[in-house]
Amino acid sequence: MADAAEIQGPSASPARRRLRRAGALLAGAPLLAGLLQLTATEPAQAAPADSVSVALDTMTPSAPTEDDTLTVSGTVINNGRQPVTGAHVGLRVGPLLNTRSAVDGIAQHPNDLRGGTGDELGDKYTEKFSKLVPGVAEHFSISVPVDELDLGKDGVYSFGVSVSGKTSARPWDQMLGIERTFLPWQSSEADTKSRTTVMWPLISSVHMTARTGAGERQTPVFQDDELAKEIAPGGRLAQMMDLGRDLDVTWVIDPNLLAAVDAMANGYRVQQSDGSSKAGSRENQDTAKQWLAGLQQAVAGKEVVALPFADPDLASLAHTGTSVTGSLSHLKDATDVAALTVKTVLHVTPTTDFAWPVEGAVDPSIIKVATSAGADRVIARSDSLRESAGLSYTPSAARPIGGGTTAVVADARMSTAFEGDLTKADSSTLAVQQFLAQSLEANVQKDEQRSIVVAPQRMPTASQAQAMATAVKALQDGNWSQPETLTGAANAKPDPDATSRIPSTSAYPSSLRKQELPRSAFEQIADTQDKLDNFQVILTDQSRVVTPFGRAINRGMSTSWRGQAAKADGFRADVLSYLDNLGGQVKLIDKSETKLSGRSATIPVTVQNNLVQPVGHLYLRLSSTQPTRLKIAGKAYDEQPVEVSGGHSQSVKFTTSANANGRATVLAQLYTEDGQEYGDPVSFDVKVTEVTPTVMLVIGGGVLLLVLAGFRMYTQRKRAAARQAEEEGPDGAEADSGDGSGNPDDAGDRLSEEAGSPAGATGPDQPGDPAPDTAPESADPSGTGERVDR
């Protein structure tokens, strides 16, 4: 934020302070004379800069008022080679800082002895050490009533803790080290208070995989047990929850975190290096339940903003993802499921119309992607959306940027105050004081109420969270700020002089662009989605697959993968591999060469389903590559619907007809209802061995013999009847029935026995007829004469 006309002015000290300074000058006159004399006789050796380091570990209260007592404590360490004698630690109140840039300058060089260190308060408020041994830390603690600080008008004062003493090389009292910080001073309630929104992020990295157990509960499988450590007492997320409970903040939550903890609470498994998984501990389940219960209480009555599920990387989507078809649809899915997840787990209705690009860095493409899923408020940051009008004050956060979209511009100085290593007490203390100083400086810039938004890093460490909470508590207890929700800041009246111009794509920070997901990541996600679409259509219970894989796809494009390209690629590859494995559980069983004896036969093809749920909406197509030799149901191919119960196999039978001897290749392939191939095809050969001219000649000869035998029987009986009529004579005398000698019937009977059929048998269905080589076309299992070898 631009700070125009930033002039550092003197503090308005009362007469008492002026008298003290004059006394100090008179007391130091002999010493000054001695120094001048020394300078005249020999060149002075420069005092070793920062030869004694000072660490300011505590400063309470952080923003004192008139009736308070200020207490500071910390340590001093002699970094030199010689002992320091006659040492003392003192407090110094420096000048009033009139600009936010002046605060920046001191924050960047807190140990600079050449800066405006101010006057020491005097012996009454010092701590003395007879000797500071090299390398040995000495603790100090000094308390002083605030009214003894001689503070003037309200504002931010430079405040320092210095150590002075003597060395053998320079045997006079000199300042050997200092640590400077800030003393925010608002003696009474400010006439105009800033409305300050503090975003309190609950976001974690990806922990859940796409894998689930095979039972009805579908027990989720986690990559590791790191989440359990984060939510355990003392863990990062446990502290974020505990600290935020007592603060008036806006909770910004990734629903993926809630889904993971909720899954853990109901039983989970942890993936092992060998590909197996083991059950998560009961202790971790109980921890998850306790954390969720505590969070439900912490957010009650507070504003909750839900990010899209798994916090998708908006900048990566904008810069590389949009070139891959379907990528934006995943952002819409992640947004749609966000509110439901938060409401289900926390029992509160969240706000879902905010988008938060990484570090608040924006360009036109990011704004377009951020709003594509329905968000009309984009959280930017003032070091991205920079002021170009030379404003001498910090404008309100809300900026209309066109198209009904509002950019909510967070203050960069306050938002980044808690980055870096804050595990040391002095680093944490300096961060808190700097945050408060920037807040007060922004408030005193203009007598007009403005909205200030603080958007810290997405995943603060435990020490960073502690420092944030200390600063926010002091701010909310102070006299110059009042809390406001993020929605309130977005709805506030915008400053007409504030910039609303979105920076160009070329202005996007190169350091952030290097961490973005590559195009290959979105291509991998698109491949996964295509296979998921093909797989789900055959399932009777699609939710068992669509839900875990849909959420895994969201996790594959999470912002948390920045800086972890190899892990991100491994996660997406594992999702795709597991999907391929599941899809492969429904497959065709390989067949060996099949031999047919006869013109027609049935060929079974087996479909195996190793899933726990039934599958359907599938068709099995059997195609002949040589339909002139072998036909399937009288044509080149035939297909039949397939339904297979979970954990079972189903044989599908096809009728075939052979026209010639030889080998014909047959191809079996599963298809979904929409005509997409499913799984790998199975190819096998069918060998026709018994359809030959010789066979046909034998069959024809047999038929001819039957015809001749029947004709002979007919003529013999006709002749016998004629002879009998002649013998009976005109008077109808009965002829001799015969005793078998020369009886035509006996001859006919003998002929029938030779022909293989009883006397009087006629027609093609006689029991004595030769059986066909193959059974007629039938859907029943193979019968007499059919040989199918698999």
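As the structure is a prediction and not an experimental result, all values here were calculated from the model.

When helices and strands are counted, the protein chain shows 20 helices and 30 strands. A separation threshold of at least 6 residues defines the contact pool for the protein chain, and within that pool the share at least 24 residues apart is 78%.

So, on to the side chain of Asn-554. Within the secondary structure, Asn-554 sits in helix α17 (residues 543-555). Accessibility expressed as a relative area gives 2% for Asn-554, which makes it buried. The contact partners of Asn-554, leaving out residues within four places of it in the chain, are Phe-309, Ala-310, His-330 and Ala-334.

Further remarks concern the pattern of salt bridges. Pairing of side chains with opposite charge becomes possible as their charged atoms draw close. Overall, the coordinates contain 26 salt bridges when judged by the stated rule. Measuring nitrogen to oxygen at the nearest pair gives 2.8 Å for the salt bridge that ties Arg-236 to Glu-230. When sorted by exposure, Arg-236 lands in the same class as Glu-230, which is buried. Of the charged contacts in the structure, one is a salt bridge between Lys-446 and Glu-448, with a shortest N-O distance of 3.4 Å. You can call Lys-446 partly exposed: its relative accessible area is 23%. Relative accessible area serves as the criterion here: at 43%, Glu-448 is assigned to the partly exposed category.

Buried residues dominate strand β8 (residues 174-185), accounting for 11 of its 12 residues. The sheet contact formed by strand β7 (residues 155-166) and β8 spans 11 bridges and is antiparallel. Bridging across to β8, Phe-159 finds its partner in Thr-181.

Turning to the environment of Tyr-619, a few remarks are in order. For Tyr-619, the position within the fold is in strand β25 (residues 615-624). Between the C-alpha atom of Tyr-619 and that of Tyr-678, which follows or precedes it by 59 residues, the distance is 9.4 Å.

On to the packing of helix α5 (residues 236-245) against helix α13 (residues 462-477). With their axes 9 Å apart at the nearest point, α5 and α13 run at an angle of 10 degrees to one another. One element, α5, and the other, α13, form an angle in the roughly parallel class. Residues Arg-236, Gln-239, Met-240 and Leu-243 of α5 lie in contact with α13, whose contacting residues are Ala-462, Ala-465, Gln-466 and Ala-469. Here the contact of α5 with α13 is built from residues that sort into five nonpolar, two polar and one charged.

Once that is clear, we can look at the packing of aromatic side chains. A complete count under the given rule lists four aromatic pairs for this structure. Measuring from ring centre to ring centre gives 5.7 Å for Phe-549 and Tyr-578, while their planes differ by 25 degrees; the resulting arrangement is stacked. Taken together, the residues Phe-549 in helix α17 and Tyr-578 in helix α18 (residues 565-583) connect sequence positions 29 residues apart. Residue class for Phe-549 comes out buried when judged on its relative accessible area of 1%. Above the face of the Tyr-393 ring, Lys-446 is positioned so that its terminal group lies 3.9 Å from the ring centre. Lying across the ring of Tyr-671, Arg-621 places its NZ or CZ 4.5 Å from the centre.

Per-residue confidence for the protein chain gives a mean pLDDT of 85; residues scoring 70 or more make up 83%. This model gives residues 1-50 a pLDDT under 50, and the stretch forms 65 contacts once residues within four places in sequence are excluded. In the model, residues 731-790 has pLDDT below 50 throughout and makes 82 contacts with residues more than four positions away in sequence or in other chains.

As a further point, take helix α16 (residues 519-536). Between its terminal C-alpha atoms α16 stretches 26 Å, which fits the 26 Å expected from 18 residues at 1.5 Å a residue. Buried within α16 we find Ala-521, Phe-522, Gln-524, Ile-525, Ala-526, Thr-528, Leu-532, Phe-535 and Gln-536. Those residues of α16 that are buried lie in contact with α8 (314-319), α9 (327-346), α17, α18 and β30 (677-688).

The four strands lie next to each other as β16-β17-β19-β18, forming an open sheet whose pairing is mixed. Each edge of the open sheet is held by one strand with a lone partner, namely β16 (354-355) and β18 (398-402). Relative to strand β19 (residues 405-410), β18 runs antiparallel, the two sharing four bridges. When the bridges of β19 are listed, Gly-402 appears paired with Thr-405. Contacts from helix α10 (residues 364-372) reach β16, β17 (377-381), β18 and β19, with the element oriented near 145 degrees to β17.

Procedures and definitions
Residues numbered from 1 in each chain as written. Predicted model: local features only at pLDDT ≥ 70, side-chain atom pairs only at ≥ 80, totals over all residues. Heavy atoms only, no water. Helix = DSSP H or I, 4+ residues; strand = E, 2+ residues; numbered from the N terminus. Contact = heavy atoms within 4.5 Å. Buried < 20%, exposed > 50% of the residue type's maximum accessible area, 1.4 Å probe, protein only. Salt bridge = Lys/Arg side-chain N within 4 Å of Asp/Glu carboxyl O. Pairing = 2+ DSSP bridges. Axes fitted to C-alpha atoms, helices over the stretch in contact; angles between N-to-C directions. Parallel < 35°, antiparallel > 145°, perpendicular 65-115°, else oblique. Nonpolar A, V, L, I, M, F, W, Y, C, P; charged D, E, K, R; others polar. Phe/Tyr/Trp six-rings, centres within 6.5 Å; stacked < 30°, edge-to-face > 60°. Lys NZ or Arg CZ within 6 Å of the ring centre and 35° of its normal. pLDDT = per-residue confidence, 0-100. Expected span 1.5 Å × (residues − 1).

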